[in-house]
Structures are given as C-alpha cells and as structure tokens.
Amino acid sequence: MSSRWSHLKADADVALEYGSYGEAELLWRRALEEAHTFEKGDSRFPLTCENLARVLCHQDKYQEAELLLEKALDCRDEYFRFEVDQLIETISNLYEIYFKLGKVEQAEELCLRVLSIIEDKEESERLASCLFDLGNLCHVQGRLLDAEEHYLRSLVMRQHCLGEENLSVAESMYALAALYDESGRLTESEPLYEKCIEVREPLLGASHPDVIAAMGSLANVYKNSNRLVDAKFVYEKLWYVIDKIPESRQPHLVPHMINMCEMYEMQGLHGEAEQLIRRILRIQSETLRSSALELSYTEERLARSLGLQEKFDEAESVLTAVLETREETLGSDHPVVAETLDKLAALYFETDKHDVAESICVRATEILEKDGTGNEEEVIKSLKHLDEIYRTQEKFEEAESVLIKLFILQKKLFGTGHAETAESLANLAQVYKRQKRLDKAATFMQKALDLKKQAVGEDSPEVQSMVSNLAELEELLGSNNRALELWQELASLYRKSFGENHPNVAEVLDHETRNYIILGKYSLAEECAERALALRKDAFGEEHPKVAASLVEIGRLYFEQGKLDAAEENWKKALAMQLDILGAEHENVAQTYSLLSGSAFQKKEFEAAEGYIEKAYAIRAARYAPDHPDVLNCFNNFVDILAALKKYKEAEALCRKVVSLRSRTLGAHNIEVSYAMAKLAEIYQLQGKHDQAEPVFKQAIEVHTMARGREGQPLVDMLRGYSKTLLELGQKTRAAKMETRARAIADARERNSRVSHASI
C-alpha cells in the first residue's frame, strides 16, 4: 500500500474534521493523483473519488463531484459488484447530487437500482430511506399518488424498525403531511404535523429549523381550514421562538412570517400584519440583500396592509415607490407595471379621487391590452375596475364601451355560459337603465339572467338578484304582467332557498301587490299584502319597522280603491309604530306623513293635510338636497294645501324661501328654480295679484328656456299661466303671443308623439 496515499488521506481527514474544506480538497486531489498510479481494481481509487466528491459538495461544487462519483460507481460496478454496502453508499451519494442538480430521471434510476438490490431483504432503515427518497422524486415530478405510496411504506417501515420517537420517523411524517397539505387534504395532514412536532421538539429543541418548519406548516393548515383561533395559538408559540433568534439568522423563517401575515389579515389584525411585514422587509434588505424589484413585492403587501387600516397617504407613498421601482427595472409597458397601476388606481378610487383613478386605470388597461402575452385575466380585472370607476362617476357612455369590451373578452376566454360573462351583461343592463334606455336594459338583463342560470343554476343569490332587477325593469316599462311573472318566480326561489315564511318572500309580495293594483286586480293585491303582513309579524313580532312597512302598503291599496278611511287607519297604525321605533326624523315617518296628507287632501280635510305635509316637508328638507324628488313632491303638495286653505301669505313665503334656496344651492338657472318661480306666480294669480305674478312668470319662463330649451309640458303650462295674467292686466297682444307660443309647443309634442307611436 502506498504510504504517500495513506499520509495524504490521514491529513485530509483531519482537515475535513476541522472544516478546512479548501485544504482537504487539495490533499484529496493529491491523493487522487497517487491513486491513478495504482493497478486497476484497487479499492483506494473509488474511495478517493468519493472522499474528494464529499469535500467538493461541502463547497457546493456539485458538478465536479458528480463526475467523480460517476467514476467511482463505474469502478465499483466493474471490480467490487459484490461489496453491496459500499456500492449502495456510492449510488446513494450520486443520487443526492443528481437530486440537487435537478436531474430527476437519473436520480430515480439510481434509487430504483438501490431498491432492486435491497428490497428482497428484511425491512431495514436503509430500505425505508430508499423508499423515502423515491417518494421525494415522485413528489417533485407531480406523481402524487406514487409519492404517497412510497412515503407511507417508508413511514410504516421506519416506525417498525426505529420506534415512534425517532427523527427519521418524523421526517417521513412531515413529507407525507406536506403532500396531503399540497393536495388540499388538510384533515389528513393536521395529525401528522402535530405528531411530527411532538417527536422533533424534545429531540431538537423548539428553535431548530425542522421544528419551526413543522409548527409553521401546522399553523398554516389551521389558517387554511379557517380555524383562526387554533392558528393564532400556534403562530404565537412560533413567534415566541422566532423572537429569540436574531433577525440576521431569520431568512429561512420569512415564508412562515408571510403566512402569519395572512392569518392576521384574515382576523382583521392589520396593525400586527403591518409590523410583521416591516420585519420581513428588514430581513430581505439587510440580511438577504434582496434587489429593489424583489423588495417591491413585500412593499406591495405593506401598501395593502396600510390601505386596510385607512392609512391611505402612507399606502399611496409606498405603492408609488413600488411603481417607480418596477418602471425603472422592467420598463413602463411591462404587465407587472400595469398590475401595479391597477392597484394604485384602486387606492385612489377608495379615497374618492376618481379622476386620478380613472387615468391610471386607463393606462393600466392599455398596457395589458398591448402586451400580447395572453394575459387576458389581468386585462379583465383592469376593465372591471375601470367600469366601476366610470359608473361611480356616472360616465355611462364610457362604462358602456368598457363593459362591451369586457363581455367580448370574457366570452372569448370563458365562453358564454360563465358566471363572469353574465355579470358583465347585467352591469351593462344597469348602465342602460341609468341612461333611460329601458328596452335595451331589459333585453340585456334577460340575457344575463339566462347565462347566469346556465352557469350557476337557478338557486344562487346572483340569479335571485338578476330576477329582481329584471322585474323592476319590466315595471318601469309598464309590462306589469311580465313583472308579476318574475316576482312570482323570485318568490318561488326564495321559498326554495329560505323556506315558506322567510321575510324575503314578504318583500316580493309587496311588489306583487303594487303590480296587481296597477292592473286593477284589487282582491289579488289585498291577498298578497295581507300575506306579507302575516309573514312579517311572524318573523319580527307585532312591533317592527317591517310590519309598519306592510301596513303602509295595505294603506296604499285601500287608497287606490278610494277607501280613504281604511287607508288612513293602516297609515296611522304604521306611523305610531315608526315614531316609537325609528324616531320622528326618519324618512319612513316622512313618507307616512306625506301619504296621510294626500288622503286628508282628498277628503278636503285641508287643515289635517297641512299638519301632515308640514312635518313631512321639514324632515325631507333637512335630510335631502333641494332637488331631491321627495323634497320637490312635498313642496308642491305643501303649496297646493296652503292654497286650498287660502293661506296665501304662508304659501308665498314658502315659495320665496324655496326659490332662494334652490338658486343658492343649485344655481340660478336650474330647472327646479323655474318650477318654484312658476308656483309662486300661481299663488299671486290666485289672489288676483297679477302685477306681481307677471314678472315672476316671465322670469320662470326665461330660466326654463335656458335650462331645458323651448319645449316641454311644464313650459306650456307656464306660458298659458303667463297669458292669463297678461289678459288680466289688459295686455291682450302679449297674451296672444304667449298663447300662440304655448299652442305651437303643444302641437309639436302631439305630432312627435304620433310619429313615435307610428314607428313602433
């Protein structure tokens, strides 16, 4: 035996023991030079190759180590085939290198070779380890059923050979648990993670990376199972351990920290999430020396956390910096830049900066559409945001264009029978509704409903919402029979989903009642109204705002039939309940006062009508803008009642006050200012104060003309009122001109109406 080789080996072993890998490598290289001089079949040659390979692996020089181990294996195959233990060790070492280098097929061949050598022998730790390695290979290739089979055999064999409390047993448990976790089989992974921790913690200590990995995985299983209390308990235990480790030694813990952040966010603990994200950023920047682009993904998470805490200025600052980094690194037209713009637009939208949000979102959409890499889902997401921005700003033409584009893209990507495609059509229908294009709105809502039913079935909440929206559109179109069919369909869906006596059924019965009233089917309307009342009493008790709402509906039914006393009786019951439960300033109270006023007016009980309308007007005027429909309606009714009572001074004062208020808040040339002036002029007329009525009529007509042009029935009425006043003042020529002008507008309206009907 060469004494030089022996001395080199001894010195190399000492160097390796002290961690001097460079020196050990140099000594083993000299030993290899010596081994090349030996006769073929000398056992020292493969041994030298294997030891040099081991030293190289310590220095991450895997490719050179791979070549040496391949030489060693060739030598053992040729000369030492029957020295099984040494042969298996060489194969195993080469397998590990192949696995590290991602040469999965070559690694699997070696693993199967070891398995064929030892599988017929008794169960052993070596066989269990080989099965475990084979499981890892199948796992990384996505062959999960094969991986599960090998992991299970490895676990059972290790338990049999080594007992339950062994680190190799825990290793098999962890691998099998991770496989189940990845496959969504959380109930199977949970006990394996728990047992793994139970074995590892006493043997390794709570701060060991393997213990932390198992604890983090178990906490994540709890989080993903929505068991947030259990997740929080394990994460707090994990955090107690992590907090004792210096941040410079925490890089491997970052994935667990990210999972903890997600758990905090799910619990709404956004402050805790923010602190943890800032810690991750410190580790990434100071210890890992991550690039600005890599850091931007964590900074993006920080911006989201700040936004959820309504720290919008900070969130904007962070997200703007992220955008700058990505534009500088990736280029201004990169899809990731577009996604960042989309998030920034969402932040501006949240803070009501709609113009800025719009411009940013438009840019994001343009980038994604130009990208051409097939990133349609991101384009869809951006178009959805843009649609929301446009509709919030009531830019319905722009919203229409975006929704049509969105529908075409979704149809291409998902097909027509997809829930999202149907949702876009439904939103398009709502846009048409806001544009008063009701026929088109109903057509598109019907298409959306048909597609939604096809995509998710008839029992989903989305289908129920679309049926309701379509029914409302049919009501607006005056198609009350079709509306009734839809409301009855919705009632059936509600009964199927919630049961016969659910309050939602009562809401639908209200709609059925109103449609039956319009159709003059009062007995059916009354039946529906009484059923709705009974459902609400059963659900909420005798005293509840919903019960009061039913009494109001029944009152409307009686009012439509001319049964004024019965209507008042129900409205008074409702009013008492509303005052007691909702308070005197509630809109529902104002509504009931207004209804009672109308009934009293019909019965010519003008003083009672005045008392009710005065209260209704006070509530609504304090609550809404001057041009709100309920305020306008109350004002007109109030003036009419005061006129009926001949309380002209009060009527004048109210009209002047409303003219002043509308001019100040809506602008002097707003159409509602014109209407209030006309009302004041009519009050002057009723008192014979034609000299005062004349300039007010004149100004009302001028304001109307500036606001709406020279057409419309309200303008006809003003002109005729003005003509009457001029006649009273002896100005017959001017009166005739006003009457001629009024007649011309009225005739034009009639001609247009005839043409419209003929075209239909």
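Along each chain, residue indices are assigned from 1 in the same order as the chain's sequence is written. Confidence filtering applies because this is a predicted model: local features only for residues at pLDDT of at least 70, side-chain atom pairs given and counted only at 80 or more, and all residues used for totals across whole chains, interfaces and linings. Derived side-chain values reflect all non-hydrogen atoms in the structure, with water molecules and hydrogen atoms excluded from consideration.

1. Digging into the overall build of the chain
Inclusion rule: Here a helix means four or more residues in a row that DSSP labels H or I, a strand means two or more in a row labelled E, and each is numbered from the N terminus. Note that the radius of gyration is over C-alpha atoms, with the globule rule given as 2.2 Å times the number of residues to the power 0.38. The rule is simple: take the accessible area with a 1.4 Å probe, protein chains only, and divide by the maximum for that residue type; under 20% is buried, over 50% is exposed, in between is partly exposed. For the purpose of counting charges, residues Lys and Arg are taken to be positive, whereas Asp and Glu are taken to be negative. His and the chain ends are not included. A charge is said to be at NZ when it belongs to Lys, at CZ for Arg, at CG for Asp and at CD for Glu.
In terms of helices and strands, the chain carries 36 helices and zero strands. For a compact globule of 760 residues, the expected C-alpha radius of gyration is about 27 Å, and the chain comes in at 41 Å, more than 25% above that figure. Projecting the C-alpha coordinates of the chain onto the three principal axes gives extents of approximately 140 × 55 × 55 Å. Per-residue burial over the chain gives 45% buried out of 760 residues. Side-chain charges in the chain split into 95 positive and 132 negative, and the spacing between the mean points of these groups amounts to 9 Å.

2. Side note on the confidence of the model for the chain
Where the model shows low pLDDT, its predicted coordinates should not be examined in detail. Put simply, the rule is: Per-residue confidence from the predictor is given as pLDDT, running between 0 and 100. Should any heavy atoms of two residues lie within 4.5 Å, those residues are counted as being in contact.
Mean pLDDT over the chain stands at 89; residues scoring 70 or higher make up 98%. Confidence drops under pLDDT 50 across residues 755-760; counting only partners more than four residues distant or on other chains, this segment forms zero contacts.

3. What to know about helix α24 (residues 480-498)
Here is the rule: Here a helix's expected span is defined as the number of its residues, less one, multiplied by 1.5 Å.
Helix length check: α24 (19 residues) gives 26 Å between terminal C-alpha atoms against 27 Å at 1.5 Å per residue, within 8%. Among the residues making up α24, those that are buried are Asn480, Ala483, Leu484, Leu486, Trp487, Leu490, Ala491, Leu493 and Tyr494. The elements touched by buried residues of α24 are α23 (461-476) and α25 (503-518). Trailing α24 by a residue or two, Gly499 shows a phi angle of about 105°, which is positive.

4. Overview of the pattern of salt bridges
Rule in force here: What makes a salt bridge here is a side-chain nitrogen of Lys or Arg within 4 Å of a carboxyl oxygen of Asp or Glu, nothing more.
Applying the stated criterion across every chain, the model contains 63 salt bridges. Here Arg301 makes a salt bridge to Glu262, at a shortest N to O gap of 3.8 Å. With a gap of 39 residues between them, Arg301 in helix α15 (residues 292-308) and Glu262 in helix α13 (residues 254-266) connect regions that are remote in the sequence. Classification of Glu262 by relative accessible area gives partly exposed; the value is 28%.

5. A few points about unusual backbone geometry
The phi dihedral of Glu310 falls on the positive side, at around 65°, and the residue is not glycine. A positive phi angle is found at Asp352, which is not glycine, with a value near 65°. By the element assignment, Asp352 lies in the loop between α17 (335-350) and α18 (354-371).

6. Some words on the packing of aromatic side chains
Where we set the bar: Only centres within 6.5 Å qualify two rings of Phe, Tyr or Trp (six-membered ring in Trp) as a pair; their planes then separate them into stacked at under 30 degrees, edge-to-face at over 60, and tilted for everything else. Note on criteria: charge over ring means Lys NZ or Arg CZ within 6 Å of the ring centre, with the direction from the centre no more than 35 degrees off the ring normal.
A complete count under the given rule lists eleven aromatic pairs for this structure. On the basis of an interplanar angle of 40° and a centroid distance of 5.7 Å, the ring pair of Tyr494 and Phe498 is categorised as tilted. Here Tyr494 pairs with Phe498, and both are found in helix α24, just four residues apart, close to one helical turn. On the accessibility criterion, Phe498 (40% relative accessible area) is partly exposed. If you follow Arg44 out to its NZ or CZ, it ends over the ring of Phe38, 3.6 Å from the centre. The ring of Phe132 is capped by Arg158, whose NZ or CZ atom sits 4.9 Å from the centre of that ring.

7. Some remarks on the packing of helix α28 (residues 564-582) against helix α29 (residues 587-602)
The test is simple: Axis definition: a line fit to C-alpha positions, over the contact stretch in the case of helices; interaxial angles, taken between N-to-C directions, run 0 to 180 degrees. Roughly parallel covers angles under 35 degrees, roughly antiparallel covers those over 145, roughly perpendicular covers 65 to 115, and oblique covers all other angles. Should the near helix be turned counterclockwise from the far one by less than a right angle, the crossing is left-handed, whereas a clockwise turn marks it as right-handed.
Between α28 and α29, whose axes approach to 9 Å, the crossing angle comes to 155°. Taken together, the axes of α28 and α29 are roughly antiparallel relative to one another. When the axes of α28 and α29 are compared, the crossing they make is left-handed. Between α28 and α29, the residues in contact are Leu564, Glu568, Trp571, Lys572, Leu575, Gln578, Leu579 and Leu582 and Asn588, Val589, Thr592, Tyr593, Leu595, Leu596, Ser599, Ala600 and Gln602, respectively.

8. Focus on the side chain of Asn259
Tracing the sequence through the fold places Asn259 in helix α13. You can call Asn259 buried: its relative accessible area is 18%. In contact with Asn259, other than residues within four places in its own chain, are Asn220, Lys223 and Tyr235.

9. Some details on the packing of helix α1 (residues 3-17) against helix α2 (residues 21-35)
For clarity, the threshold we go by: Here the term charged refers only to Asp, Glu, Lys and Arg, the term nonpolar to Ala, Val, Leu, Ile, Met, Phe, Trp, Tyr, Cys and Pro, and the term polar to all other amino acids, Gly among them.
For the pair α1 and α2, interaxial distance at closest approach is 8 Å and the crossing angle is 160°. As far as their axial angle goes, α2 and α1 are roughly antiparallel. Between α1 and α2 lies a crossing of left-handed hand. Residue-level inspection shows Arg4, Trp5, Leu8, Lys9, Asp11, Ala12, Asp13, Ala15 and Leu16 of α1 in contact with α2, the latter providing Tyr21, Glu23, Ala24, Leu27, Trp28, Arg30, Ala31, Glu34 and Ala35. Classifying every residue of the contact of α1 with α2 by side-chain character gives eleven nonpolar, no polar and seven charged.

10. Details of the state of the cysteines
So the rule is basically this: Note on terminology: disulfide denotes any pair of cysteine sulfur atoms within 2.5 Å.
In total, this model carries zero disulfides according to the counting rule given. Here Cys130 is not cross-linked by a disulfide; its sulfur's nearest cysteine counterpart is in Cys111, at 3.9 Å. With no disulfide partner, Cys634 has as its closest neighbouring cysteine sulfur the one in Cys655, 14 Å distant. Residue classification places Cys634 among the buried positions, given a relative accessible area of 0%.

11. Brief notes about the side chain of Glu358
Summarising the element assignment, Glu358 is placed in helix α18. Residue contacts for Glu358: discarding those within four places in its chain leaves Leu386, Ile389, Tyr390, Gln393 and Lys395.

12. Details of the environment of Tyr95
For clarity, the cut-off: What qualifies as a polar contact is a pair of N or O atoms within 3.5 Å, subject to a donor-acceptor requirement within protein and to the restriction that residues adjacent in sequence count only when both atoms come from side chains.
Tracing the chain through its elements places Tyr95 in helix α5 (residues 84-100). The exposure class of Tyr95 is buried, given its relative accessible area of 6%. Setting aside residues no more than four positions away along its own chain, Tyr95 makes contact with Ala107, Leu110, Cys111, Asp133 and Leu137. At 3.2 Å, the side chain of Tyr95 and the backbone oxygen of Asp133 are in polar contact.

13. A short note on α28
Compared with the 27 Å implied by 1.5 Å per residue over 19 residues, the 25 Å span of α28 between its first and last C-alpha is a close match. Listing the buried residues of α28 in full gives Leu564, Ala567, Glu568, Asn570, Trp571, Ala574, Leu575, Met577 and Gln578. The inward-facing, buried residues of α28 contact α27 (545-560) and α29. Just beyond α28, the residue with positive phi is Gly583, at close to 95°.

14. So, the environment of Ala574
Mapped onto the elements, Ala574 comes out in helix α28. Judged by relative accessible area, Ala574 falls into the buried class, the value being 0%. Taking the C-alpha atoms as reference points, Ala574 and Val552, 22 residues apart in sequence, are found 6.4 Å from one another. Setting aside anything within four residues of it in sequence, one finds Ala574 in contact with Ala548, Leu551 and Val552.

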